[in-house]
2 protein chains.
Amino acid sequence: MTRLLQRLLPALLAGVASACFGAAPAPAPIALQAQGSFAVGGSVVQGPGTDEPGKPGAAGQTLHGDHARVVFQIPANPRALPLVMWHGYGEFMKTWETTPDGREGFQTIFLRRRFPVYLVDQPRRGGADRSTLATRISAEPDEQRWFNVFRLGVWPRLYPGVQFSDDPEALNQFFRQMVPDTGPLDTDVAVSAVSALFDRIGPAVLVTHSHSGGMGWETVMRNPNVRAVVAYEPGSGFVFPEGELPAAMPSATGPLSATAVPLDRFQALTRIPIVLYYGDNIPTSPQPDNPGLDNWRVRLAMARLWVDAVNRHGGDARLVALPELGLRGNTHFPFADLNNVEVANLVSAFLAEKRLD
Amino acid sequence: MTRLLQRLLPALLAGVASACFGAAPAPAPIALQAQGSFAVGGSVVQGPGTDEPGKPGAAGQTLHGDHARVVFQIPANPRALPLVMWHGYGEFMKTWETTPDGREGFQTIFLRRRFPVYLVDQPRRGGADRSTLATRISAEPDEQRWFNVFRLGVWPRLYPGVQFSDDPEALNQFFRQMVPDTGPLDTDVAVSAVSALFDRIGPAVLVTHSHSGGMGWETVMRNPNVRAVVAYEPGSGFVFPEGELPAAMPSATGPLSATAVPLDRFQALTRIPIVLYYGDNIPTSPQPDNPGLDNWRVRLAMARLWVDAVNRHGGDARLVALPELGLRGNTHFPFADLNNVEVANLVSAFLAEKRLD
């Protein structure tokens, strides 16, 4: 037997070396059990008339559209609850992939931490851009505005100490990850598709960013398979119980209003753990000269009222301003910033605290 | 020492088990060394006027567009030459991912075979849909036409013995992987971006499908880093040396013409191994009632003339009609068909024969 072990050992070591380390530098390779992609949700429209079998190009043609695109990866020995990552406005799943400066994003960071990861392109965005409604894409130059709205700095200067690389290629990659709407923005279409994803995969944690934050609350109210929400800088779509609606908040981009929903719907948001993260350089006083910045002042203020409302009704919501934890310089994309591993560590700690990992 | 080995062995086995097999069913997990995504190529346009620092929303805004989106995966212990997979018309990188019936596509099949794999969304398509030119998307229903063009069958019937699942969900997924053009189709824009990818990653094998076939020939003529081409059903953009242009071929979709190029450019196509694969149900006689089908009759005929021209000039091109090898029922998407592992095995054998693996 011992001789057998001695004979086996070199092969075993070689196996470990080639299968598990190979030519790779640190970090160690990921043991990937499965990966793939699929469309979920959506609708079908049909042109006038009926198609005649054997008569190609006849009337009654169909178009399948308004679905979400989903890319998933399942590590070996996976944790129980997948993370579903939903991009924000003007973005698609690229948001969660390689960072603008070329490091691993949340997709790969959490895959390495043995979470199944599902990336979403919402309907009419990115790889899910087949819409059932015609649209026009203007291709209007607008990137300096987004530089300010996304709080990289005040164009053309990055904020001092901002967690964004000053390598021009990082900004080039950042601008090139923006994509147009290929159909009208429709919350119900988007939420329906993402809710269909939760129907398909079962219980999971929803990770939202910015515009998907509000659609995320709606998804929670529709689908009990959403077991927790990690929301990065949700900016709109805050829902309050009827009779508890806060006043609209004026800002340089116009008033920010919330939406009233029946209490029984709102209560879905009180049954799961929710954490909201906000980055740095969000002003507390009005910024009439910088609408893109002023807009975050009121959105953060509304988020604080919303967290209070959820907890007042027995919920478990928490708002984390990253600077208060000593994480300085984060942009509107903390999960892709230079310190995104620290940002990810906060999520790991939250999921561990809530026994969701 | 022997006792040490005996003490080490269980840990080693556990290490192999957890790191390399974990809870996974067969097949074994993939040891993934690295993965990510980036934009490559493209251009920048600027609006009129000049931006004033500190004045957000001022004139002179920019738009970065017309780049390709690239998603890559590098296995542990990778082979030397990556595979660059370029989708066809109306498609994006999804073409190479999970098949319509839910099995592994070429992306994962060749990752398991230890090839670095790069998937491309060409400019103005899928996740690379930020165009520098405005456009309108019609959302016109057209899927029955594609059902015929892509040779699943003659709508609404699948061909007998076709390598496509008769599960309605497979057709649903197939239709939902189509995406619109989000800017004018521009061969130079697309080839420039893909050539920039080969500049970035160095020598690699280009895998094309249908419309990218012709753009692939152009990429070879521009970039010596393309070391071989595996072309699935290239249908257009065949280039011949000046003076050797074949006559246009009439078909129910109109005449198919080739393009003349200077001999010195054409010769780039004679310096690398090239294989063209075509599926089943391609007619040899005119099909006036089925333009989508008749179109493949002349494209295959033109491809045969093209292979002869490349070899006449000392090249190494081969056309493989899959039925002649006993692979029956393949559609326009052999790499995603029910027998796509057999189809992949032909590629592995080709790359081994040419010492490109």
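Residues numbered from 1 in each chain as written. Chains lettered and ligands numbered in written order. Predicted model: local features only at pLDDT ≥ 70, side-chain atom pairs only at ≥ 80, totals over all residues. Heavy atoms only, no water.

Looking at an unreviewed UniProt entry, chain A carries the name Alpha/beta hydrolase, with the source organism given as Zoogloea oryzae.

Engineer: Any chance you could explain the overall build of chain A here in plain terms?
Structural biologist: Tallying secondary structure elements over chain A gives nine helices and 15 strands in all. The globule rule puts the C-alpha radius of gyration for 357 residues at 21 Å, and the 23 Å found for chain A is close to it. With the C-alpha coordinates of chain A rotated into their principal frame, the extents come out at 80 × 70 × 45 Å. Burial analysis of chain A (357 residues in total) assigns 62% to the buried set. Across chain A, the fraction of contacts at a sequence separation of at least 24, relative to all contacts at a separation of at least 6, is 73%. Summing over all exposed atoms, chain A offers an accessible surface of approximately 13000 Å²; the carbon and sulfur share of this is 54%. Counting 31 positive and 34 negative side-chain charges, chain A places the centres of these two groups 7 Å from one another. (Helix = DSSP H or I, 4+ residues; strand = E, 2+ residues; numbered from the N terminus. Rg over C-alpha atoms; globule rule 2.2 N^0.38 Å. Buried < 20%, exposed > 50% of the residue type's maximum accessible area, 1.4 Å probe, protein only. Contact = heavy atoms within 4.5 Å. Areas by Shrake-Rupley, 256 points an atom, 1.4 Å probe, with all protein chains shown as cover. Lys, Arg positive; Asp, Glu negative; His and termini not counted. Charge placed at Lys NZ, Arg CZ, Asp CG, Glu CD.)

Engineer: Help me out: how do you make sense of the environment of D357 of chain A in this one?
Structural biologist: Residue and element names in this part refer to chain A. Mapping D357 onto the fold places it in the segment after α9 (340-353). On the basis of relative accessible area, D357 is assigned to the partly exposed category, the value being 37%. Sequence spacing of D357 and I272 is 85 residues, and the spatial spacing of their C-alpha atoms is 14 Å. Beyond its immediate stretch of four places on either side in the chain, D357 contacts R79, F115, S348, L351 and A352.

Engineer: For this particular structure, what's the right way to read the pairing of strand β11 (residues 226-232) of chain A?
Structural biologist: Working note: regular strand, side chains alternate between the two faces of the sheet. All names here are of chain A. Counting buried residues along β11, six of its seven residues qualify, which places the element largely inside the surrounding structure. Taking the sense of rotation as the criterion, the β-α-β connection linking strand β10 (residues 204-209), helix α6 (residues 211-222) and β11 turns out right-handed. In this sheet, strand β14 (residues 273-278) lies alongside β11 in parallel orientation, the contact comprising four bridges. Residue pairing for β14: V229 is matched across the bridge by I274. (Right-handed = clockwise from strand over helix to strand, strands pointing away. Pairing = 2+ DSSP bridges.)

Engineer: Please explain the packing of aromatic side chains as it appears in this structure.
Structural biologist: Aromatic rings in a pair are described by how distant their centres are and how their planes are angled relative to each other. The final tally for this structure, using the stated rule, is 46 aromatic pairs over all chains. Between F106 of chain B and Y232 of chain B, the ring centres sit 5.9 Å apart and the planes meet at 75 degrees, which makes this aromatic pair edge-to-face. In this pair, F106 of chain B is assigned in helix α2 (residues 106-112) and Y232 of chain B in strand β11 (residues 226-232), connecting sequence segments 126 residues apart. Across this residue pair, the class does not change: F106 of chain B and Y232 of chain B are buried. Sitting over the face of the ring of W146 of chain A, R145 of chain A holds its NZ or CZ atom 4.9 Å from the ring centroid. The ring of F38 of chain B is capped by R200 of chain B, whose NZ or CZ atom sits 3.6 Å from the centre of that ring. (Phe/Tyr/Trp six-rings, centres within 6.5 Å; stacked < 30°, edge-to-face > 60°. Lys NZ or Arg CZ within 6 Å of the ring centre and 35° of its normal.)

Engineer: What's the story with the environment of D308 of chain B in this structure? I'm lost.
Structural biologist: Tracing the sequence through the fold places D308 of chain B in helix α8 (residues 291-312). The spatial distance from the C-alpha of D308 of chain B to the C-alpha of A190 of chain B is 27 Å, given a sequence separation of 118 residues.

Engineer: I would appreciate a short explanation of the environment of N281 of chain B in the present structure.
Structural biologist: Residue and element names in this part refer to chain B. Checked against the element boundaries, N281 lands in the loop between β14 (273-278) and α8. On the basis of relative accessibility, which here comes to 26%, the residue N281 falls in the partly exposed class. Distance in space between the C-alpha atoms of N281 and Y159 is 8.2 Å, their sequence separation being 122 residues. With near-sequence residues (within four places) excluded, N281 lies in contact with R151, Y159, L293 and G329.

Engineer: When you look at helix α4 (residues 168-176) of chain B in this model, what are you seeing that I'm missing?
Structural biologist: One turn of the α-helix equals 3.6 residues, which is why residues spaced by three or four share an orientation. Residues and elements named next belong to chain B. With seven of its nine residues buried, α4 lies for the most part within the structure. Buried within α4 we find A170, L171, N172, Q173, F174, F175 and R176. For α4, the capping residue at the N-terminal end is D167, with a side-chain oxygen 2.8 Å from the backbone nitrogen of E169. (Polar contact = N/O pair within 3.5 Å; in protein donor to acceptor, adjacent residues only side chain to side chain.)

Engineer: Help me understand α6 of chain A in this model?
Structural biologist: Residues and elements named next belong to chain A. Counted at 1.5 Å a residue, the expected span for α6 with its 12 residues is 16 Å, and the 18 Å between its end C-alpha atoms agrees. Of all 12 residues making up α6, 11 are buried, and the element is well covered by its neighbours. Those residues of α6 lying buried are H211, S212, G213, G214, M215, G216, W217, E218, T219, V220 and M221. (Expected span 1.5 Å × (residues − 1).)

Engineer: When you look at unusual backbone geometry in this model, what are you seeing that I'm missing?
Structural biologist: Peptide bonds are mostly trans, and most non-glycine residues show a negative phi. Going from W155 of chain A to P156 of chain A, the amide bond is cis rather than trans, its omega being 0 degrees. Positioned with a positive phi, R124 of chain B is a non-glycine residue whose angle comes to about 70 degrees. Following the sequence through the fold, R124 of chain B ends up in the loop between β6 (117-121) and β7 (135-137). For R124 of chain B, a relative accessible area of 4% puts it in the buried group.

Engineer: In this structure, what is going on with the packing of helix α5 (residues 187-201) of chain A against α6 of chain A? I would like to understand it.
Structural biologist: A pair of packed helices is characterised by two quantities: the angle between their axes and the separation of those axes. Residue and element names in this part refer to chain A. The contact between α5 and α6 brings their axes to 9 Å, and the two run at 50 degrees. Classed by the angle they form, the pair α5 and α6 counts as oblique. Here the hand of the crossing between α5 and α6 comes out right-handed. Residues T187, D188, A190, V191, S192, V194, S195 and F198 of α5 form the contact with α6, whose participating residues are M215, E218, T219 and R222. For the contact of α5 with α6, the per-class residue count stands at five nonpolar, four polar and three charged. (Axes fitted to C-alpha atoms, helices over the stretch in contact; angles between N-to-C directions. Parallel < 35°, antiparallel > 145°, perpendicular 65-115°, else oblique. Left-handed = near helix turned anticlockwise from the far one by under 90°. Nonpolar A, V, L, I, M, F, W, Y, C, P; charged D, E, K, R; others polar.)

Engineer: I'm lost on the pattern of salt bridges in this one. Help?
Structural biologist: If charged atoms from side chains of opposite charge come close, those side chains can pair. Residue and element names in this part refer to chain A. This model, assessed by the stated rule, comprises 38 salt bridges over all chains. The partner of D357 in a salt bridge is R79, and the shortest N-O contact between them spans 3.9 Å. Remark: R79 occurs in the loop between β4 (68-75) and β5 (83-86) and D357 occurs in the segment after α9; sequence separation between them is 278 residues. Take R79: its relative accessible area is 23%, and that puts it in the partly exposed class. Between R103 and D101 there is a salt bridge whose closest N-O contact spans 2.3 Å. (Salt bridge = Lys/Arg side-chain N within 4 Å of Asp/Glu carboxyl O.)

Engineer: Before we go on, may I ask you to explain the pairing of strand β10 (residues 204-209) of chain B in this structure?
Structural biologist: Residues and elements named next belong to chain B. The buried count for β10 comes to six of six residues, which makes it a mostly enclosed element. Judged by which residues are buried, β10 turns out to be covered on both faces: A204, L206 and T208 on one side and V205, V207 and H209 on the other are all buried. As paired elements, strand β5 (residues 83-86) and β10 share four bridges and run parallel to each other. The partner of W86 across the bridge, within β10, is T208.

Engineer: Mind showing me how you'd approach the side chain of S210 of chain B here?
Structural biologist: Tracing the backbone shows S210 of chain B in the loop between β10 and α6 (211-222). When residues no more than four places from it in sequence are discounted, the contact partners of S210 of chain B are G88, Y232, E233, P234, G235, W296 and H332 of chain B.

Engineer: Where do I start with the confidence of the model for chain A in this structure?
Structural biologist: For any part of a model where pLDDT is low, the fine detail of the predicted coordinates should not be relied upon. Per-residue pLDDT for chain A averages 92, and the proportion of residues at 70 or more is 90%. Taken together, the stretch residues 1-24 of chain A has pLDDT below 50 and engages in 33 contacts with residues farther than four places along the chain or on a different chain. (pLDDT = per-residue confidence, 0-100.)

Engineer: Would you mind going over the side chain of N339 of chain B with me for this structure?
Structural biologist: Residues and elements named next belong to chain B. In this fold, N339 is placed in the loop between β15 (316-321) and α9 (340-353). A relative accessible area of 5% places N339 in the buried class. Among residues more than four places away in sequence, those in contact with N339 are Q163, L327, R328, N330 and P334.

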